[in-house]
Amino acid sequence: MIIEPRESVSLLRASLAPVWAILASLIICAVLIAWAGASIPTAYMLLFKGAFGSSFAIKETLTRSIPLIFTGLAVSVAFRAKFYNIGAEGQLYAGALAATFFGTGLITLPPYLMIPFLILMGALAGGALLLVPVLLKTHLKVDEVVTTLLLNFIVLLVVSYLIEGPWKDPMSLGWPQAASIIDEGVLPTLLAKGRLHFGFIVAIVMALLVWLMMRYTVQGYEIRSVGYNARAAEFSGINVNKTVVMTAMISGGLAGIAGVSETAGLKGYLTLDLSPGFGYTGIAVAMLAQLNPLAVIPAAIFLSAVYVGSDAMSRAVNIPTYIADVLVGVSVLAVLCSVMFSQYKVRWKA
Amino acid sequence: MSELFDILLTAGFWAATIRIVSPLIFGTLGELICERAGVLNLGIEGIMTVGAMSGWMWVYQGGGLWGGVLFAAFVGATFGLLHAIFTVHLGLSQHVTGIGITLFASSLSYFVYRMLLPDATTPPKIVPFQSIEIPWLSDLPIIGEALFSQSALTYLALLTVPLVWYVLFRTPVGLAVRMSGENPVAVEAQGINVLAIRTGAVMVGSALMAIGGAFITMSWFDAFYFGMINGRGWICVALVIFASWQPGKALLGALLFAGLEAMQVRAQISVGSFIPYQFFLMLPYVMSIVAMIIIARKTKYPQALLVPFRRGERV
Amino acid sequence: MTKRFGTLTANDAISLTLQKGEVLALLGENGAGKTTLMNILFGHYQADEGSILVDGETLSPGSTQAAIEAGIGMVHQHFTLADNLTVLENITLGTESLWSWRQDQAAARIKLKTMSEDYGLLVDPDALISSLTVGERQRVEILKALYRDARVLILDEPTAVLTPQESERLFATLKSVTDKGLAVIFISHKLHEILAVSNRIAVLRRGAIVSTLNTNGAKREQLAELMVGRVVTRPKITPLPQGKPIIGINNVTTKGSGATALRGIDLTLHAHEIVGIAGVAGNGQSTLADILSGIQSTFTGEIELNGAPLTRGKPRAIVAAGVGRIPEDRHARGMVGEMEIWENLISEDIRSPEISRAGFLISSKNAKVRAERQIEEFDVRCKGPEAETKLLSGGNMQKLILARALSQNPSFILANQPVRGLDEGAIAYVQEQLLDARKRGAAILLISEDLDELMALTDRIAVISHGELSSALPTGDRSIAEIGLMMAGQQEQERRPAA
């Protein structure tokens, strides 16, 4: 078998790659649905209805996509510079910790200042957390994948300690949760009824900003250069280490905002189940988007729909909800494959 | 502090250390074999999960214990094959593939568990591996209990260390594996199929990881819980670096970590009143990072780690 | 034999016969398809059409295993050795059944010892490859093939990395090998070597054999024309009066004890002057080039450019001060293949007011206009500034690098292996550009492993060995043999390549 690059990749072929990946993932999961004894068309119809079947469902899907847009952006920026930040989960909680620390009464500002302030603090916290792995990578060549993964566990334990100990809300009737974000800091809801909140707008704006930065600015150029060919970037005068650190700060910051948005927008207070793995799902989002910041939005909405829809589906036809997680995992692998086949062709001869 | 030293002198501490070290040994050696062949396997966390689930499930469904171990190994090797198809044959990103395998394998484990046991509220139990007392030796003070009254899987883990060392450093296939991790073109130029060597190494390594997972549900505990691997796979990846890709050092590193874990369980009782338990639980993760920092400067990576090999590709 | 890569036909219906005890030279310029042909013979590639017969039996295609079993051995241009393993391990890999439970090291040791004595290829079996010199590594490669009882030995550009004296030694080895009845295929584009070492010559041009002739009676000029297909003469330097000093390198030293550490480098280059640095790879050239390119900032000593000290470790400042840089490896260092051509052309001055506003927003319009001008001026064959860079041929990519390095009229040009791997047309183009720059008054430092190139193109030559640079004497004051000895170090010590 020989794999060789295509002479040119048409835009159509490139943009169809994630579509093929999604189709392949749906087919693979259909096997599991069949095993569960459900009719495949019915199950997928239920999934679709659960995600988009009513205005409530749509609002729910969009709400759930907010953290995924942030973590998806975080991953796509980092991966673009070949900095493998697998720690968006931890950075999300770092952002949530910052929102809780500053937003539960320590500082009170009018809402138009309080909300940006919390977002900024969350971003700084997320970035600060990633500072450890990135400096270890640039200065000591310690692999960032393992350090960011390990930090996820450490941060969760810190959160657990804080909300069971010093930050525990005395009003929570024994549940381990932190105090509520003060009213000035709560992200307003966008529509009457439903939980869709201001975080969605922040997410869209961030995606746009990241896209503009990557495409039109010197900093974006340098991030791409470093990711594609760090040695050539260095030769042309780009400070590779500085660029990687900057990329990590942006990446960690975006993931941190996800934590602020979930705490101050959706839940209102910090708990240990704030994120059911949004940081990890962000990897699937970024891969489906082929690291394109604008494409992160539809990719996040799609995976969010899978989660929201599969809840409805599993209630109706008795399929374990883990089907959604399986689909996320499969889609990461499928998109890797389909993107490759859009860029390479296979000949069965050496 | 003297309480901590007292712990070191109890037989229970050493017995627990040796018990806890088994999954780390399997996982670390499995990862080490993959990386020696030039393939980073970040699927480890998921493969340990799927091993833990499938081995346990085999026994719960009426199979034998050793059959369960074999079944776990088989499932692990299958996921290893998937990883190898992506990273070795298609040359895709080893980082992303590994994370994808982990997401896929763990979610599939939970899905299958829920499918087969939809109504289980408290996790059902199996009869796990029992400890085997080795005559005479198990009567020795401290080490008797620590080393010679463990379960068969623990003995197997300890035996795997010299076995992996021997195969890697004293047999032709081991040389081919190491060479694949250093310079795959050199392997190809000697008439050996690099893709086959790497695929085999990843499958064997993944089988070991899965046995490590199975140990947890079939020897250490007797049930399968969600999230029970809890980062052990990632710790194994750190341990491989800490061990500089040497099986002997991997054993030492794993013992260090197991000792730490056994210590923290006991220390919680003595000093837990003023140090929250979360900080004890954090220790292995923090130590993993510290271990990588300590070793970072002098470590000698397999030179072709992360480098895909494409046959007949024009350079 | 026919082999295609996409639309490119690398080998076009090639037929060749090799006889026992002969040295067949395969002559062709870079990109003619020599290596492809040998990779087919050795089973790395599978041909699209054609077959190979060894002693009348068909060789199963696309299998190195089958090639080795049929007695074919190959010494690759880029050695296929694992640095962190020993000589013995590298040689014995694949010689025993993979599934045997132990290795017979003792027998292997004995066989290797007798063999290396037979052929005069002495090497320590327990040494790590990383501790060997380039010449020693080549010996291991040859032993590797002989250990598998090769009857046909393919050597791909074997002299590219050797000193003239080492090349002589290699030729002697080839003699002893053919005396024992082996057949040798010797791949090269160096005419004088081919005339010296071969019995027959097959000339390959654009993937096809254009002629097969006996070495006896073959003429250099005739071969040159056969190889390129037309008369291409490489440019030669013509005397110009030396100008004012441009760059002064004064006692530049780097830390470390390896061969790549620099020790007290002194060199002054003047306007209208090309100075060559000769040396075997891994003797400090890369370190010196990195310092002059601004990549490496840790060194002692001084460098002055046009009377002002050169900024350390800041490539963009160095470029702005008037340095043009041609990197050693155009794919790894020179260009970002995945980016568009115009993006690569702005990489060195992206923060200048012409290209970006406030060092922040890229003005792609200005950049593309300038790129179009450069593409035309340097005759880069491409679809335009927005084409993907990795699709360019080697020669066009090098022209792009020239465009970036030379279009700002630098006063000092660092040219590190500027023609490596290019075809004759592109070589002549690059060399002419360098000579033009010299005429305009630039000082040029030319680092090369090819002594012929240095002889033809420089005013003065200095030799680097073990991080020490000799004085730069006018070209012609030293003979090639003398330079070769200096490259090997005055006391003929072995050179240690970069680990």
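The residue numbering used here restarts from 1 in each chain and proceeds along that chain's sequence as written. Whichever chain is written first is A, and whichever ligand is written first is 1; the rest continue in order. Residues qualify for local features only when their pLDDT is at least 70, as the model is predicted, and side-chain atom pairs are given and counted only at 80 or more; totals for whole chains, interfaces and linings, by contrast, use all residues.

What to know about the overall build of chain B
Only DSSP runs of H or I with at least four residues qualify as helices, and only runs of E with at least two residues qualify as strands; both kinds are numbered from the N terminus onward. Counting its regular elements, chain B contains 13 helices and two strands. Just to be clear, the radius of gyration here is over C-alpha atoms, and the globule rule we use is 2.2 Å times residues to the power 0.38. Over its C-alpha atoms chain B spans a radius of gyration of 20 Å, differing by no more than 12% from the 20 Å that the globule rule assigns to 315 residues. Principal-axis analysis of the C-alpha atoms gives chain B an extent of 65 × 50 × 40 Å. Any residue whose C-beta has 12 or fewer other C-beta atoms within 10 Å is treated as exposed, any with 20 or more as buried, and any in between as partly exposed, C-beta atoms being built from the backbone. Per-residue burial for chain B yields a buried fraction of 57% across its 315 residues. Placing a C-beta atom from the backbone of each residue, one calls two residues in contact when those atoms lie within 7 Å. Taking as baseline every contact in chain B between residues at least 6 positions apart, the subset at least 24 positions apart corresponds to 79%.

Things to note about the overall build of chain A
Check the secondary structure of chain A and you find 13 helices and four strands. At 21 Å, chain A has a C-alpha radius of gyration in line with the 20 Å of a compact globule built from 350 residues. For chain A, the spread of C-alpha atoms along the principal axes amounts to about 70 × 60 × 35 Å. Sequence separation of at least 24 residues holds for 78% of the intrachain contacts in chain A that already meet a minimum separation of 6.

Here we look at the interface of chain A and chain B
The interface of chain A with chain B comprises 39 residues on the first partner and 38 residues on the second. At the level of elements, β1 (2-5), α1 (11-35), α5 (111-140), α6 (144-164), α11 (278-288) and α13 (322-343) of chain A are the ones that each hand at least two residues to the side of chain A that touches chain B. It is α13 of chain A that contributes the most residues to the side of chain A that touches chain B, 12 residues altogether. Residues are sorted three ways: Asp, Glu, Lys and Arg are charged, Ala, Val, Leu, Ile, Met, Phe, Trp, Tyr, Cys and Pro are nonpolar, and all the rest, Gly among them, are polar. Here the residues of the side of chain A that touches chain B sort into 33 nonpolar, four polar and two charged.

Topic: helix α5 (residues 134-147) of chain C
Residues and elements named next belong to chain C. A helix is expected to span 1.5 Å multiplied by its residue count minus one. With 14 residues, α5 should cover 20 Å at 1.5 Å per step; its first-to-last C-alpha distance of 20 Å lies within 8% of that length. In terms of residue burial, α5 counts as a mostly covered element, since 12 of its 14 residues are buried. Every buried residue of α5 is listed here: V134, G135, E136, Q138, R139, V140, E141, I142, L143, K144, A145 and L146. Elements in contact with the buried residues of α5: β6 (72-75), α3 (87-92), α4 (105-119), β7 (152-156) and α6 (164-179). Phi turns positive one or two residues past the end of α5, at D149, with a value near 60°.

So, the interface of chain C and chain B
On the side of chain B, 22 residues touch chain C, which itself brings 27 residues to the contact. The biggest single contributor to the side of chain C that touches chain B is helix α2 (residues 64-69) of chain C, with three residues. Of the residues belonging to the side of chain C that touches chain B, the class tally is 11 nonpolar, 12 polar and four charged.

A look at the packing of helix α7 (residues 199-216) of chain A against helix α8 (residues 218-228) of chain A
Helix packing geometry: the angle between the two helix axes and the distance between the axes. Residues and elements named next belong to chain A. Contact pair α7 / α8: the axes reach a minimum separation of 5 Å and the direction vectors enclose 75°. As the angle between them shows, α7 and α8 are arranged roughly perpendicular. Note on element contacts: α8 touches α7 through Q219, G220, I223 and R224, opposite M213, M214, R215 and Y216. Grouping the constituent residues of the contact of α7 with α8 by class yields four nonpolar, two polar and two charged. Orientation is described by axes fitted as lines to C-alpha atoms, over the contacting stretch for helices, and by angles from 0 to 180 degrees between their N-to-C directions. Each angle receives one of four descriptions, namely roughly parallel if under 35 degrees, roughly antiparallel if over 145, roughly perpendicular if within 65 to 115, and oblique otherwise.

Describing the sheet that holds strand β9 (residues 200-205) of chain C
Residues and elements named next belong to chain C. Strand order across the open sheet formed by six strands is β6-β7-β8-β3-β9-β10, with mixed pairing between neighbours. Each end of this open sheet is capped by a strand with a single partner; those strands are β6 and β10 (208-214). Sheet twist, expressed as the mean angle between neighbouring strand axes with direction ignored, is 20°. Bridging between strand β3 (residues 23-27) and strand β8 (residues 183-188) involves five bridges; their strand directions are parallel. Residue pairing for β8: L24 is matched across the bridge by I185. Contacting β6 and β7, α5 runs over the sheet at an angle of about 170° to β6. Criterion used throughout: strands pair if DSSP finds at least two bridges between them.

Topic: the pairing of strand β20 (residues 443-448) of chain C
Residue and element names in this part refer to chain C. With six of its six residues buried, β20 lies for the most part within the structure. Here β20 shows no split at all, with A443, L445 and I447 on one side and I444, L446 and S448 on the other all buried. Here strand β13 (residues 273-278) pairs with β20 via six bridges, running parallel. Looking across to β20, one finds that E273 is bridged to A443. Note: strand β19 (residues 412-416) against β20, five bridges, orientation parallel. Residue pairing in the sheet places F412 in a bridge with A443 of β20.

Some words on helix α8 (residues 220-228) of chain C
Residue and element names in this part refer to chain C. All of the buried residues along α8 are L223, M227 and V228. Seen from one end, α8 has its buried residues packed into an arc of 115°, which puts them on one side. The first or second residue beyond α8 is G229, which carries a positive phi of 95°. This arc is built from the directions going out from the helix axis to the C-beta atoms.

Observations concerning the nonpolar core
Grouped burial of nonpolar side chains is what soluble globular proteins tend to show. With 378 residues, the main nonpolar core has F70, V296 and V332 of chain A, A210 and L239 of chain B together with I154 of chain C as its most contacted residues. Per element, the largest residue contribution to this core is 16 residues, and it comes from helix α10 (residues 194-220) of chain B. Setting aside anything within four residues of it in sequence, one finds L239 of chain B in contact with L24, T28, A250, G253, A254 and F257 of chain B. Think of a nonpolar core as buried Ala, Val, Leu, Ile, Met, Phe, Trp, Tyr and Cys residues, each tied to the set through C-beta atoms within 7 Å.

A few points about unusual backbone geometry
Residue and element names in this part refer to chain C. Here the phi dihedral of D55 falls at roughly 50°; this positive angle occurs in a residue that is not glycine. Structurally, the position occupied by D55 is in the loop between β4 (53-54) and β5 (57-58). The class for D55 is exposed, based on 9 C-beta atoms found within 10 Å.

Description of the environment of I132 of chain B
Residues and elements named next belong to chain B. Here I132 lies in strand β1 (residues 131-133). The exposure class of I132 is partly exposed, given the 13 C-beta atoms found within 10 Å. Remark: the alpha-carbon pair of I132 and Y155, spanning 23 residues in sequence, is separated by 9.5 Å. Aside from chain neighbours lying at most four places away, what touches I132 is S151 and A152.

Points about the sheet that holds strand β15 (residues 308-309) of chain C
Residues and elements named next belong to chain C. One open sheet accounts for four strands, arranged β12-β11-β14-β15; its pairing is antiparallel. Each edge of the open sheet carries a strand with a single partner, namely β12 (265-270) and β15. Sheet topology places strand β14 (residues 300-305) next to β15; two bridges connect them, and they run antiparallel. Paired with E304 across the bridge in β15 is P309.

Examining the environment of P239 of chain C
Position of P239 of chain C relative to the elements: it lies in the loop between α8 and β11 (245-253). P239 of chain C sits 17 residues away from G256 of chain C along the chain, and the two C-alpha atoms are 39 Å apart.

Side note on the confidence of the model for chain B
The predictor attaches a confidence to each residue, and that confidence, scored 0 to 100, is pLDDT. When the pLDDT values of chain B are averaged, the result is 91; 97% of them are 70 or greater. On the interface metric, ipTM, the complex scores 0.94, and its pTM is 0.93.

Focus on the packing of α6 of chain A against helix α11 (residues 232-242) of chain B
For the pair α6 of chain A and α11 of chain B, the least separation of the axes is 10 Å and the interaxial angle reads 145°. The chirality of how α6 of chain A crosses α11 of chain B is left-handed. Between α6 of chain A, through V146, L149 and L150 of chain A, and α11 of chain B, the contact on the second element is made entirely by W234, V237 and A238 of chain B. Considered class by class, the residues forming the contact of α6 of chain A with α11 of chain B number six nonpolar, no polar and no charged. Take the far helix as the reference: if the near one is turned anticlockwise from it by less than a right angle, the crossing is left-handed, and if turned clockwise, right-handed.

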